[in-house]
Amino acid sequence: MEDGLGLLIEACQRQDAAALRELYRRMAPTMLGVALRLLRDRLMAEDVLQEAFLQIWRNASRFDRARGSARAWMIGIVRYRALDRLDSERRLPVTGDEIPDIAAEEGIPVEDGRALAGCLATLPEHWRRMVLLSYIEGYSHSEIAARTDTPLGTVKSWIVRSLDALKRCLEQ
Amino acid sequence: MSDAPDFGADRAGLYVLGLLRGEERRNFEAECARDPALAAEVEAWEERLLPLARAVPPVEPGPAVWAAIERATSPRAAAPAPRHRLREIWDNLFVWRGIALAGAVAAALLALLPRGTTGPAMVAVLSTKAGPVFTVAMRTNGALNIAPVGRMAPPAGKVWQLWAIGQGEAPVPIGFVQAGATRLPANDVPARLRRAHTLIAVTVEPPGGSPTGRPDMPIVFAGPLLPVAPTTS
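These numbers come from a predicted model, not from an experiment.

### Quick notes on the overall build of chain B
Across its full length, chain B holds 6 helices and 9 strands. Looking at the 233 residues of chain B, the share that counts as buried comes to 48%. Sequence-distant contacts in chain B: of pairs separated by 6 or more residues, those separated by 24 or more amount to 61%. Accessible surface computed for chain B: about 11300 Å², of which carbon and sulfur atoms make up 58%.

Quick look at the structure:
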């Protein structure tokens, strides 16, 4: 299911450099894609990717298979690193107007994404868009408000309600 | 709908979406470090939303990225062994400059305290090379009051972990320091370390603290404990 990613992280706990190399080969393109989407700056995104792998190497012993998947752990590390950058550096405004609807069912890997895609599809379209603008594009509440021409309070409330609805839907 | 944060808001979900920013995010991460149930909620959301990250088109990194990772993780580049680092801490001048400062703080506290009150038994001034950062007051039962000297916050996404180090001993983790005033309960500092010249040190660590139980990162500030009243040492 996890293609042995968990085993590779556990090998990193024993300072196995070949395991880190293999983790990098398998996960770095996905992680860079995520970071680049959040930061929209190739140099900064590669910098974040590098930091993320050093963190994975040093903190491999904090990974606990019982608590979550290896993939979620690694993606989490690169996302929080990228969000750190978003906190500290203003990024360039995007020029493109439309974001592709990445959550459209065919866009999500089938093996584990069908449930989420199905649940996202039950949300009103503007709610779904706000979830994607935050998670994938890294927009803050106020950036989403400006971008979608929606009052800030409404944005906050819709996102909170989207989270509640997604959680309920996925737990069914 | 108001702009105020919704009381029922799923903060773990907002955090994973990336919607807690700045100080709000750092505070939440510090909370996660102390609250395993909250950390578990975060992990559940990371799992739920993971398919979205996998749907983002992958991008092949340039060769320089792996080269830099390899350099940083090769044995030659490894951090000095803990024993060496410990010696470095003890040998570090800025740590011992704290003694003079702590002495002054102790004298000031003594002057303010009426005789017989339960004031601190020990004080330390945690300093960087640039000067004092935190004052630490410890009661005889090991309870700590830690106050920042100015406005300070750990780097984004990090926590400050506090250590007690006896001479020639491995550092013992004793808790986390907040950006504001921190109180740590009695008995977090082992009784044998509640003595003069035990070093109190702070490292910057990932949320949840050092995974190895030893300080993994360089000491950012430190200072030795000194007795307030001559009779307590």
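Right, picking up where we left off after that structure.
### Considering unusual backbone geometry
One non-glycine residue, A:Asp149, lies in positive phi territory at about 55 degrees. With respect to the helices, strands and loops of the structure, A:Asp149 is situated in the loop between α7 (141-148) and α8 (152-171). Judged by relative accessible area, A:Asp149 falls into the exposed class, the value being 73%. Of note, the phi angle at B:His197 is positive, near 75 degrees, even though the residue is not glycine. Tracing the backbone shows B:His197 in the loop between β6 (182-184) and β7 (199-205).

### Considerations on the pattern of salt bridges
Residues and elements named next belong to chain A. Scanning the model with the defined rule gives 14 salt bridges over all chains in all. Between glutamate 137 and arginine 37 there is a salt bridge whose closest N-O contact spans 2.8 Å. Of this pair, glutamate 137 sits in the loop between α6 (125-135) and α7 while arginine 37 sits in helix α2 (residues 17-39); the two residues are 100 residues apart in sequence, bridging distant segments of the chain. Note on glutamate 137: relative accessible area 4%, which makes it buried. Linked by salt bridges that have partners in common, Asp47, Glu51, Arg81 and Arg85 make up one network.

### Examining the interface of chain B and chain A
Contacts between the two partners involve 51 residues from chain B and, on the opposite side, 68 residues from chain A. With both sides pooled, the region where chain B packs onto chain A buries about 5400 Å², and carbon together with sulfur makes up 64% of that total. The largest share of the area that chain B buries against chain A comes from B:Arg21, B:Arg54 and B:Trp66, three residues that together contribute 13% of it. Taken together, the links from chain B to chain A amount to 3 salt bridges. One salt bridge in this structure joins B:Glu43 and A:Arg67, with 2.7 Å as the shortest N-O distance. Our count for the contact surface shared by chain B and chain A stands at 11 residue pairs in polar contact (both at pLDDT 80 or more). Elements with a contribution of two residues or more to the side of chain B that touches chain A: α1 (11-17), α2 (22-34), α3 (36-55) and α4 (63-73) of chain B. It is α3(B) that contributes the most residues to the side of chain B that touches chain A, 14 residues altogether. Class assignment for the residues of the side of chain B that touches chain A results in 30 nonpolar, 9 polar and 12 charged.

### Observations concerning the nonpolar core
One finds A:Leu23, A:Met31, A:Phe53, A:Met74, A:Tyr135 and B:Leu49 to be the most contacted residues of the largest nonpolar core, which totals 82 residues. Take this core: its biggest share by element is 12 residues, from α2(A). Those residues within four positions of A:Met31 in sequence are excluded, and the remaining contacts are A:Leu49, A:Ala52, A:Phe53, A:Ile56, A:Met74, A:Ile75 and A:Val78. Judged by nonpolar contacts, the second largest core, of 24 residues, contains B:Val136, B:Met138, B:Ile146 and B:Val189.

### With respect to the pairing of strand β1 (residues 122-128) of chain B
Residues and elements named next belong to chain B. With respect to burial, β1 is a largely interior element, 7 of its 7 residues being buried. Side chains Met122, Ala124, Leu126 and Thr128 project from β1 onto one buried face, and the interleaved Val123, Val125 and Ser127 project onto a second face that is buried too. In this sheet, strand β9 (residues 226-227) lies alongside β1 in antiparallel orientation, the contact comprising 2 bridges. Considered in β9, the bridge of valine 123 is made with leucine 226.

### Let's talk about α8(A)
In this model, α8(A) (20 residues) spans 29 Å end to end at C-alpha, consistent with the 28 Å of a helix rising 1.5 Å per residue. By the burial criterion, the buried members of α8(A) are A:Gly153, A:Val155, A:Ser157, A:Ile159, A:Val160, A:Ser162, A:Leu163, A:Ala165 and A:Leu166.

### Observations regarding the side chain of B:Arg48
In this structure, B:Arg48 sits in helix α3. Among the polar contacts listed, one links the side chain of B:Arg48 to the side chain of A:Glu171, at a separation of 3.3 Å. Residue contacts for B:Arg48: discarding those within four places in its chain leaves A:Leu116, A:Lys167, A:Leu170 and A:Glu171.

### A word on the confidence of the model for chain B
Residues and elements named next belong to chain B. Of all residues in chain B, 73% attain a pLDDT of 70 or more, and the chain-wide mean is 77. Confidence, expressed as mean pLDDT per element, reaches its minimum in chain B at helix α5 (residues 82-91) with 50 and its maximum at α1 with 96. Overall, residues 1-6 carries pLDDT values under 50, and its contacts beyond four positions in sequence, including any with other chains, amount to 7 contacts. Predicted confidence is poor over residues 77-84, with pLDDT under 50, and the contacts of this stretch with residues over four places away or in other chains come to 6 contacts. The ipTM assigned to the predicted complex is 0.90, against a pTM of 0.60.

What counts, and at which threshold
Residues numbered from 1 in each chain as written. Chains lettered and ligands numbered in written order. Predicted model: local features only at pLDDT ≥ 70, side-chain atom pairs only at ≥ 80, totals over all residues. Heavy atoms only, no water. Helix = DSSP H or I, 4+ residues; strand = E, 2+ residues; numbered from the N terminus. Buried < 20%, exposed > 50% of the residue type's maximum accessible area, 1.4 Å probe, protein only. Contact = heavy atoms within 4.5 Å. Areas by Shrake-Rupley, 256 points an atom, 1.4 Å probe, with all protein chains shown as cover. Salt bridge = Lys/Arg side-chain N within 4 Å of Asp/Glu carboxyl O. Buried area = accessible area lost by both parts, 1.4 Å probe. Polar contact = N/O pair within 3.5 Å; in protein donor to acceptor, adjacent residues only side chain to side chain. Nonpolar A, V, L, I, M, F, W, Y, C, P; charged D, E, K, R; others polar. Core = buried A, V, L, I, M, F, W, Y, C linked by side-chain atoms within 4.5 Å. Pairing = 2+ DSSP bridges. Expected span 1.5 Å × (residues − 1). pLDDT = per-residue confidence, 0-100.

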